[in-house]
Amino acid sequence: GLIGEVNLTAPQEYRDLTLRHDDLAAQRADLDASVEGIRAAIAKLNRMCRERFRETFDRVNDYFQEVYPRLVGGGSARLSLTDEEELLETGVEIFVQPPGKRLQNLTLLSGGEKAMTAIALLISLFRVKPSPFCVLDEVDAPLDEANGARFNEMLKEMAARSQFLVVTHNR
């Protein structure tokens, strides 16, 4: 039987293809190593973000629990995470107990109570991460005189660290 034509360039083609294969295999190994490096960096960043978020959340919550009763003249307030396991995906719930009332979710509060809660949270955030300058536009509008006086006292304390521009219709 006939074998057919002999490819005289086969040894050279084999060497060329072997070189190309080795080159591509080396490139793939480099890419695999890069992907692993990127995955490790992402995992490290996620871990760092979770730690920093948790630390900041706890500090803000501590201040919030201290500031709220001072600001409203009693009661209590706290922050809670909706998902303790997934810190990068979690939401934050706000629970407030105005003086003489039961603990309730923020959505059930009156306008003035919501305003005082928001101001207490803002002050708490500001204590953790102060800004050199802050503009407050009529945040005191829904406050009665007693709450307004306590708000002004806290603003005076915070003015030692930051400048405030307060837009208000009150005296």
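The rules behind these values
- Residues numbered from 1 in each chain as written.
- Predicted model: local features only at pLDDT ≥ 70, side-chain atom pairs only at ≥ 80, totals over all residues.
- Heavy atoms only, no water.
- Helix = DSSP H or I, 4+ residues; strand = E, 2+ residues; numbered from the N terminus.
- Expected span 1.5 Å × (residues − 1).
- Contact = heavy atoms within 4.5 Å.
- Polar contact = N/O pair within 3.5 Å; in protein donor to acceptor, adjacent residues only side chain to side chain.
- Core = buried A, V, L, I, M, F, W, Y, C linked by side-chain atoms within 4.5 Å.
- Buried < 20%, exposed > 50% of the residue type's maximum accessible area, 1.4 Å probe, protein only.
- Phe/Tyr/Trp six-rings, centres within 6.5 Å; stacked < 30°, edge-to-face > 60°.
- Salt bridge = Lys/Arg side-chain N within 4 Å of Asp/Glu carboxyl O.
- Pairing = 2+ DSSP bridges.

K.L.:
Where do I start with helix H3 (residues 145-158) in this structure?
P.N.:
Structural remark: α-helix, 3.6 residues per turn; residues separated by three or four positions point the same way. Between its terminal C-alpha atoms H3 stretches 20 Å, which fits the 20 Å expected from 14 residues at 1.5 Å a residue. Of the surrounding elements, those touching the buried residues of H3 are helix H1 (10-72), helix H2 (111-128), strand E4 (133-137) and strand E5 (163-167). Capping the start of H3 is the job of one residue whose side-chain oxygen sits 3.3 Å from the backbone nitrogen of Ala146: Asp144.

K.L.:
What is the right way to look at the nonpolar core in this model?
P.N.:
Where a protein is soluble and globular, its nonpolar side chains tend to be buried together. In this structure, Leu71, Ile123 and Phe151 are the most contacted members of the largest nonpolar core, which totals 28 residues. For this core, the secondary structure elements donating two or more residues are H1, strand E1 (76-81), strand E2 (92-97), H2, E4 and H3.

K.L.:
Even after reading the chapter, I still don't get the packing of aromatic side chains, so can you show me in this structure?
P.N.:
Between two aromatic rings, the relevant description is the distance of the centres plus the angle of the planes. Scanning all chains against the criterion turns up 3 aromatic pairs. With 6.3 Å between their ring centres and 55° between their planes, Phe64 and Tyr68 make a pair best called tilted. With Phe64 and Tyr68 both in helix H1 and 4 residues apart, this pair spans about one turn of that helix. For the pair formed by Phe64 and Tyr68, the shared burial category is buried.

K.L.:
Explain the side chain of Ser124 here, please?
P.N.:
Mapped onto the elements of the fold, Ser124 is located in helix H2. Relative accessible area serves as the criterion here: at 0%, Ser124 is assigned to the buried category. Residues contacting Ser124, with those up to four places away along its chain left out, are Val60, Tyr63, Phe64 and Val67.

K.L.:
Would you mind showing me how to read the pattern of salt bridges here?
P.N.:
Opposite charge on two side chains permits them to pair, given that their charged atoms come into close proximity. Under the criterion given, the structure shown has 9 salt bridges. Glu157 is the partner of Arg70 in a salt bridge, and the nearest nitrogen-oxygen pair spans 2.5 Å. Remark: Glu157 occurs in helix H3 and Arg70 occurs in helix H1; sequence separation between them is 87 residues. Classification of Arg70 as partly exposed rests on a relative accessible area of 37%. For Glu157, a relative accessible area of 36% translates into the label partly exposed. For Glu113, the salt bridge goes to Lys101, with nearest N and O atoms at 2.6 Å. With Glu113 in helix H2 and Lys101 in the loop between E2 and strand E3 (104-105), the pair connects residues that are 12 residues apart, well separated along the chain.

K.L.:
How should I be thinking about the sheet that holds E3 in this particular structure?
P.N.:
Strand pairing in a sheet is mediated by backbone hydrogen bonds. Such pairs are either parallel or antiparallel. Read from one edge of the open sheet, 3 strands run E1-E2-E3, paired in antiparallel fashion. Two strands close off the open sheet at either side, each with one partner strand: E1 and E3. Here E1 runs beside E2; their pairing, made up of 6 bridges, is antiparallel. From the neighbouring strand, Arg78 faces E2, where its bridge partner is Phe95.

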